[in-house]
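Chain by chain, the residues:
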Amino acid sequence: MMGAVTKPTIGIIGTGAIGGFYGVMLARAGFDVHFLLRSEFSAVAERGLQVDSAPHGMLTLHPVQAYSSAEDMPPCDWLLVSAKTTNNANLAPAILHAAAPNARVLVLQNGLDVEDSLRELLPDSLHVLGGLCFICVHRTGPGLITHQALGAVNVGYHSGPAADEQARKTLVEEGVGLFRAAGIDSTGMPNLHQARWQKLVWNIPYNGLSVLLGAGTIALMADADSRELIKALMAEVVQGARACGHEVPAGYADHLFMMTEKMPDYWPSMYHDFLHKRPLELAAIYARPLAAAKAAGCELPRIEALYRSLSFIDRRNT
């Protein structure tokens, strides 16, 4: 644990449900946290951020160090990128303005290879890391966030100037330490790519089916047909991961399935995007895994069908 003297400056790029929740937790733990906002800037500057959390109670951060432009932010040692993957091309300028030299850019997004599109737009001097968030959280209004359950963040190194395994491990541990200091479960992931495939075992079925069937997790888990469909989709993700050379532990899909049975009724982020007529994150969560599996000679017909259906829905919706 770092001494109070050397606490890093943290920037949140994209203060939605994820960025807002982790930013509030880190700020409450005494970190110097700066929030970049677009549409919700004035509401948050005026009223602060509020997290209604089932595990932690009502958390309020007011005043908030809020910015409508990254150019006004101080140099940040850590940048947590939690904007939607559909916006990645436009995020690089904001990251460049807000990054201290040698900053660590932690990408808290769903999907496969989400770090790659940012990496090619950033200088080699910046570290890029990936973070997988296991959390039930959503926005309910400007600066208002509801946190239903879970919250762990797992961190892995993607690319940058860390020359060897030890240097990468040190940076991962530093990231893990930030979250743990804020009372959040966190572990380092030796293989980020493999971990992203594993996370898709949950994201591919539940995100897509919530939109396709108009149902939250409780309804999806209560019906015999949707249960079978979820299991079949999970099995295909595992098949795709293995075809791409990434081991998924035996029983991992069953574990996620059983975990979802115990969750409160959760409507995944893709459903909220659909509801608010925002573009769905189909490239990161569906197109890239399908392409990677195909390149490895593996067809995933159910995931393909789900992806095609969602693409149709997305175009009609936006």
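Parameters at a glance
Residues numbered from 1 in each chain as written. Predicted model: local features only at pLDDT ≥ 70, side-chain atom pairs only at ≥ 80, totals over all residues. Heavy atoms only, no water. Helix = DSSP H or I, 4+ residues; strand = E, 2+ residues; numbered from the N terminus. Contact = heavy atoms within 4.5 Å. Areas by Shrake-Rupley, 256 points an atom, 1.4 Å probe, with all protein chains shown as cover. Lys, Arg positive; Asp, Glu negative; His and termini not counted. Charge placed at Lys NZ, Arg CZ, Asp CG, Glu CD. Buried < 20%, exposed > 50% of the residue type's maximum accessible area, 1.4 Å probe, protein only. Pairing = 2+ DSSP bridges. Right-handed = clockwise from strand over helix to strand, strands pointing away. Patch = residues over 30% accessible without salt bridge, like charges linked within 9 Å, V, L, I, M, F, W, Y side chains within 5 Å. Salt bridge = Lys/Arg side-chain N within 4 Å of Asp/Glu carboxyl O.

*Asks:* What is the right way to look at the overall build of the protein in this model?
*Replies:* A count of helical and extended segments in the protein gives twelve helices and ten strands. Viewed in the frame of its principal axes, the protein has a C-alpha envelope of about 55 × 45 × 35 Å. Counting contacts in the protein only where the partners sit at least 6 residues apart, residues at least 24 apart contribute 71% of the total. Counting every atom, the protein has about 13,500 Å² of accessible surface; 53% of that belongs to carbon and sulfur. Seen as two clouds, the 25 positive and the 30 negative side-chain charges of the protein have centres 3 Å apart.

*Asks:* How should I be thinking about the pairing of strand β2 (residues 32-36) in this particular structure?
*Replies:* Consecutive side chains of a regular strand alternate in pointing toward one face of the sheet and then the other. Of all the five residues making up β2, four are buried; the element is thus mostly covered by neighbouring parts of the structure. Relative to β2, strand β1 (residues 9-13) is paired through five bridges, and the arrangement is parallel. The partner of Ile 12 across the bridge, within β2, is Phe 35. One crossover worth recording links β1 to the parallel β2 by way of helix α1 (residues 17-28), and it is right-handed. Bridge count between β2 and strand β5 (residues 66-67): two bridges; the pairing is parallel.

*Asks:* How do you make sense of unusual backbone geometry when you look at a structure like this?
*Replies:* In most cases, non-glycine residues show a negative phi, while peptide bonds are predominantly trans. A cis amide bond links His 62 to the next residue, Pro 63, at an omega of 0°. Along the chain, Pro 63 turns up in the loop between β4 (57-61) and β5. Its identity as a non-glycine residue notwithstanding, Leu 150 has a phi of 60°, on the positive side. With respect to the helices, strands and loops of the structure, Leu 150 is situated in strand β9 (residues 144-159). For Lys 277, which is not a glycine, the phi torsion comes out positive at approximately 55°. Among the secondary structure elements, Lys 277 is positioned in the loop between α10 (269-275) and α11 (282-295). The class for Lys 277 is exposed, based on a relative accessible area of 53%.

*Asks:* I keep staring at a nonpolar patch on the surface and nothing clicks. Help me out?
*Replies:* A grouping of Leu 212, Leu 213 and Leu 229 is seen on the molecular surface, where their side chains present a nonpolar patch of about 230 Å² in accessible area. Tracing the backbone through its elements, the reader meets Leu 212 in helix α6 (residues 192-213).

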